[in-house]
Amino acid sequence: MSTETTAEQAQQELLDEFEMFDNWMDRYQYIIDMGKQLPAFPEEWKTDALKIQGCQSNVWMHHERDGERLRFQAISDAAIVSGLIAVLMRIYNDRRPADIRDTSPHFLKDLGLDKHLSPTRSNGLNAMLERIYRVAEQEAASA
């Protein structure tokens, strides 16, 4: 009697939430507000090894395996990027590697993020996604 959602379901729920907003200013504010809800990120995790390359702002991402699941935690020094992290965590955190690997990030196009983010923010978002998918690939291969 599991009520567990998949990454794809989480992505669809997020898309449904964004339908409430008529304009991009409201969407940006919602993304920023989501970022304010991120859990505290330990200072000792702010290392070069955990830093995401390709982001204009500073972004660190930590992951660990917990049984069959991957748990991610990340933080940025920029409000909008923290919000984008929160979006990614909502979809990909606490999932099985295969679920992550099999869920394409169509929310980027569906929400219009691919058109409404600056190129540098877009590059950073893609770098974070690449890290998540690479970790899922490695963990799936080692399972």
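What counts and what doesn't
Residues numbered from 1 in each chain as written. Predicted model: local features only at pLDDT ≥ 70, side-chain atom pairs only at ≥ 80, totals over all residues. Heavy atoms only, no water. Helix = DSSP H or I, 4+ residues; strand = E, 2+ residues; numbered from the N terminus. Buried < 20%, exposed > 50% of the residue type's maximum accessible area, 1.4 Å probe, protein only. Phe/Tyr/Trp six-rings, centres within 6.5 Å; stacked < 30°, edge-to-face > 60°. Expected span 1.5 Å × (residues − 1). Arc of directions from axis to C-beta. Contact = heavy atoms within 4.5 Å. Polar contact = N/O pair within 3.5 Å; in protein donor to acceptor, adjacent residues only side chain to side chain. Salt bridge = Lys/Arg side-chain N within 4 Å of Asp/Glu carboxyl O.

1. Remarks on unusual backbone geometry
One non-glycine residue, Asp-94, lies in positive phi territory at about 65°. Structurally, Asp-94 can be placed in the loop between helix H3 (79-92) and helix H4 (97-101). For Asp-94, a relative accessible area of 27% puts it in the partly exposed group.

2. A closer look at the packing of aromatic side chains
For the structure on display, the rule yields six aromatic pairs. Their ring planes at 65° and their centres at 6.0 Å tell us that Phe-18 and Phe-21 sit as a pair that is edge-to-face. Of the two residues, Phe-18 and Phe-21, both sit in the buried class. A ring pair is formed by Tyr-92 and Tyr-133, whose centres lie 5.6 Å apart and whose planes are at 70°; its orientation type is edge-to-face. Pair noted here: Tyr-92 is in helix H3 and Tyr-133 is in helix H7 (residues 119-142), with a separation of 41 residues, a long-range link. Each of the two residues, Tyr-92 as well as Tyr-133, counts as buried.

3. Quick word on helix H2 (residues 24-35)
Compared with an ideal rise of 1.5 Å per residue, which puts 12 residues at 16 Å, H2 spans 16 Å between its outermost C-alpha atoms and is within 8% of the ideal. Here H2 has its buried residues at Trp-24, Arg-27, Ile-31, Met-34 and Gly-35. Down the axis of H2, the sector holding all buried residues measures 105°, keeping them to one side. Close packing links the buried residues of H2 with helix H1 (7-18), H3, helix H5 (107-111) and helix H6 (113-116). Backbone nitrogen of Met-25 and a side-chain oxygen of the N-cap are separated by 3.0 Å at the start of H2; the cap is Asn-23.

4. Comments concerning the pattern of salt bridges
Inspection of every chain in the model, using the stated rule, returns nine salt bridges. Salt-bridge contacts for Arg-90 lead to Glu-17; the nearest nitrogen and oxygen are separated by 2.3 Å. Remark: Glu-17 occurs in helix H1 and Arg-90 occurs in helix H3; sequence separation between them is 73 residues. The class of Arg-90 is partly exposed, set by a relative accessible area of 27%. Classification of Glu-17 as partly exposed rests on a relative accessible area of 21%. Of the charged contacts, one joins Arg-101 and Glu-137 as a salt bridge, the two residues approaching to 3.9 Å between their closest N and O atoms. Of this pair, Arg-101 sits in helix H4 while Glu-137 sits in helix H7, placing them 36 residues apart in sequence. Taking the relative accessible area as the measure of exposure, Arg-101 reaches 34% and is therefore partly exposed. What makes Glu-137 partly exposed here is its relative accessible area of 41%. One network of salt bridges, in which partners are shared, links Asp-66, Arg-71 and Asp-94.

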